[in-house]
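Now for the letters of each chain:
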Amino acid sequence: FDMFFLAFVERLFRPTFKKDDFVLGKKLGEGAFGVVYRASLTKKPSSKVPYQKEGDLVLKKATEYGAVEIWMNERVRRACANSCAVFVYGFLESSSNKGAEYWLIWRYEGEATPYDFMQSKEFPYNVETMILGEAQDLPKGLERDNRIIQTIMTQLLFALDGLHSTGTVHRDIKPQNIIFSEGSRTFKIIDLGAAADLRVGINYIPKEFLLDPRYAAPEQYIMSTQTPSAPSAPVATTLSPVLWQMNLPDRFDIYSAGLIFLQMALPGLRSDSGLIQLNRHLKQCDYDLIAWRKSVETRASSDLRRGFELLDLDGGIEWELLTLMVQYKAGQRISAKRCLAHPHFDREGLLVLSLMQ
Ligand code: ADP
Ligand code: MG
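Values in this document were obtained by computation on a predicted structure and should not be read as measured data.

Student: Sorry, what's going on with the coordination of the magnesium ion (ligand 2) here?
Tutor: Reference values for coordination geometry: four tetrahedral donors around a metal ideally subtend 109.5 degrees, six octahedral donors ideally subtend 90 or 180 degrees. Protein coordination of the magnesium ion (ligand 2) is provided by N177 (OD1) and D191 (OD), with donor distances spanning 2.1 to 2.2 Å. You can see N177 sitting in the loop between β6 (168-169) and β7 (178-181) and its partner D191 sitting in the loop between β8 (186-189) and β9 (196-197), a full 14 residues away along the chain. A residue is classified by how much of its surface remains accessible, and N177, at 5% relative accessible area, is buried.

Right, here's the structure in full:
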């Protein structure tokens, strides 16, 4: 009860918006369940509203799934605000026989996702000053690449740990669903359209069709079939935390994060075809990353060899971490929290984060 009451009170004191308050700008993306635009407020609202500059906002027009997405964003806003893009407001704009249309509004965090950064040959140097500041002492090379990638991974895992600690699984972690926040100079998670809140059973029953097969863990479904179904509407029943422990649904996101880690280290996996091929190979190797590495390393290009060399720095700790993330069985995958406690991360990555906050 109190969770919903708090949500209600919190919302009561926040500014509310309606359709006429927004003017749409450039289209940023279009998926099967919605269209995303850069947007601005039409008129100057009260001074309490911070988003007054042109293009300060992002607006998503979503289908009926928007209801769950609003719910998830409200939840994350209260429970782990730093993990995700700042959510401003969401409402039902219209409802017709074609279905409902929900509008969701966020702060515009910045122009690039890791997907955009990785499109460039400059990666990871095109992210470097943004997350590590100017003056880099290391010469360009493996060590320096490693430091940047390590910092990005730390920020991603930090955000994931925040989500998971509140009982939320994202289920659609991929480079396109992470945004570089120019304000906080960190990567944040976006797009909670497929997320599930396991504590109250919101969007608990997996909608497999929402998942991106290129990044989805082999189990595809969040819960095993033994798990009893939870209510799919917002009902204030608390599910047993045991349920969370039983199937470790959060490890679904860890697998996806592991694939992103691999893509950052190995340029050949960044293209769609490279990623699809990786998935095919992984399946052939029964998702044994070590076997996969053996199979590709024999006929490796110099690019690939360099990537593995990068992962082998620090006496192979990084590679070990990766193998703990990309495991066939969810139960064998490491959690976000344990990733962050891994020796690989107790140096620069976390240091950078703590200096920034
Ligand atoms: P979709 O359901 O279409 O995947 P997303 O929520 O992932 O919608 O948003 C689509 C794209 O819009 C993202 O990949 C990103 O480039 C951009 N975007 C979304 N939210 C923000 C934000 N808060 N700030 C800046 N860009 C954003
Ligand atoms: Mg998306």
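Student: For this particular structure, what's the right way to read the site of ligand 1?
Tutor: Around ligand 1 lies a shell of 17 residues, among which R107, E109, Q176, N177 and D191 are the nearest. One of the backbone nitrogen or oxygen atoms of E109 is found 2.9 Å away from a nitrogen atom of ligand 1. One nitrogen or oxygen atom from the side chain of N177 is found 3.0 Å from an oxygen atom belonging to ligand 1. Protein coverage of the free-state accessible area of ligand 1, which is 550 Å², stands at 84%. In a pocket analysis with a 2 Å cut-off to the grid points, ligand 1 is assigned to the largest pocket. Contributing elements (two or more residues each) for the shell around ligand 1: β1 (22-31), β3 (57-62) and β5 (99-107). Here the residues of the shell around ligand 1 sort into eight nonpolar, five polar and four charged.

Student: Would you explain a nonpolar patch on the surface in this entry?
Tutor: Judged by side-chain polarity, F5, F8, L12 and F13 come together as a nonpolar surface patch covering roughly 490 Å² of accessible area. Inspection of the secondary structure puts F5 in helix α1 (residues 2-12).

Student: What should I look at first to understand the packing of helix α7 (residues 251-265) against helix α11 (residues 317-325) in this one?
Tutor: The packing of two helices is summarised by the inter-axis angle and the distance between the axes. In the contact formed by α7 and α11, the axes pass within 8 Å of each other and the chain directions differ by 140 degrees. In terms of axis orientation, α7 runs oblique to α11. Remark: the crossing between α7 and α11 carries left-handed chirality. Only E318, L321, L322 and M325 of α11 make contact with α7, whose side of the interface consists of I254, Y255, A257, G258, F261 and L262.

Student: Which parts of the structure should I look at to understand the nonpolar core?
Tutor: What tends to happen in soluble globular proteins is that the nonpolar side chains get buried as a cluster. Of all hydrophobic cores here, the largest spans 71 residues; its most connected members are L262, W292 and M325. Aside from chain neighbours lying at most four places away, what touches M325 is M153, L157, I254, Y255, A257, G258, F261, R333, I334 and C339. A39, L41, W103 and I105 belong to the second largest nonpolar core, which has 13 residues in total.

Student: Would you mind showing me how to read empty space enclosed by the protein here?
Tutor: The method is simple in principle: a probe with the dimensions of a water molecule rolls over the atoms, and the space it marks as empty is what remains. Inspection of every chain in the model, using the stated rule, returns one cavity of 30 Å³ or more. Approximately 40 Å³ is the volume found for the largest cavity. What lines the largest cavity is P114, I152, L156, I178, F187 and I260. Class assignment of the residues belonging to the lining of the largest cavity gives a composition of six nonpolar, no polar and no charged.

Scoring rules and cut-offs
Residues numbered from 1 in each chain as written. Chains lettered and ligands numbered in written order. Predicted model: local features only at pLDDT ≥ 70, side-chain atom pairs only at ≥ 80, totals over all residues. Heavy atoms only, no water. Donors = N, O, S within 2.8 Å, 3.2 Å for Na, K, Ca; no water. Helix = DSSP H or I, 4+ residues; strand = E, 2+ residues; numbered from the N terminus. Buried < 20%, exposed > 50% of the residue type's maximum accessible area, 1.4 Å probe, protein only. Near = heavy atom within 4 Å. Polar contact = N/O pair within 3.5 Å; in protein donor to acceptor, adjacent residues only side chain to side chain. Areas by Shrake-Rupley, 256 points an atom, 1.4 Å probe, with all protein chains shown as cover. 1 Å grid on protein atoms, 1.4 Å probe; cavity = no way out; pocket = protein on both sides within 12 Å on 5 of 7 lines; lining within 4 Å. Sits in = over half its atoms within 2 Å of the grid points. Nonpolar A, V, L, I, M, F, W, Y, C, P; charged D, E, K, R; others polar. Patch = residues over 30% accessible without salt bridge, like charges linked within 9 Å, V, L, I, M, F, W, Y side chains within 5 Å. Salt bridge = Lys/Arg side-chain N within 4 Å of Asp/Glu carboxyl O. Axes fitted to C-alpha atoms, helices over the stretch in contact; angles between N-to-C directions. Parallel < 35°, antiparallel > 145°, perpendicular 65-115°, else oblique. Left-handed = near helix turned anticlockwise from the far one by under 90°. Contact = heavy atoms within 4.5 Å. Core = buried A, V, L, I, M, F, W, Y, C linked by side-chain atoms within 4.5 Å. Points joined across faces, edges and corners; volume = space filled by probe spheres on them.

The quantities given are spatial measurements derived from coordinates; they are silent on function.
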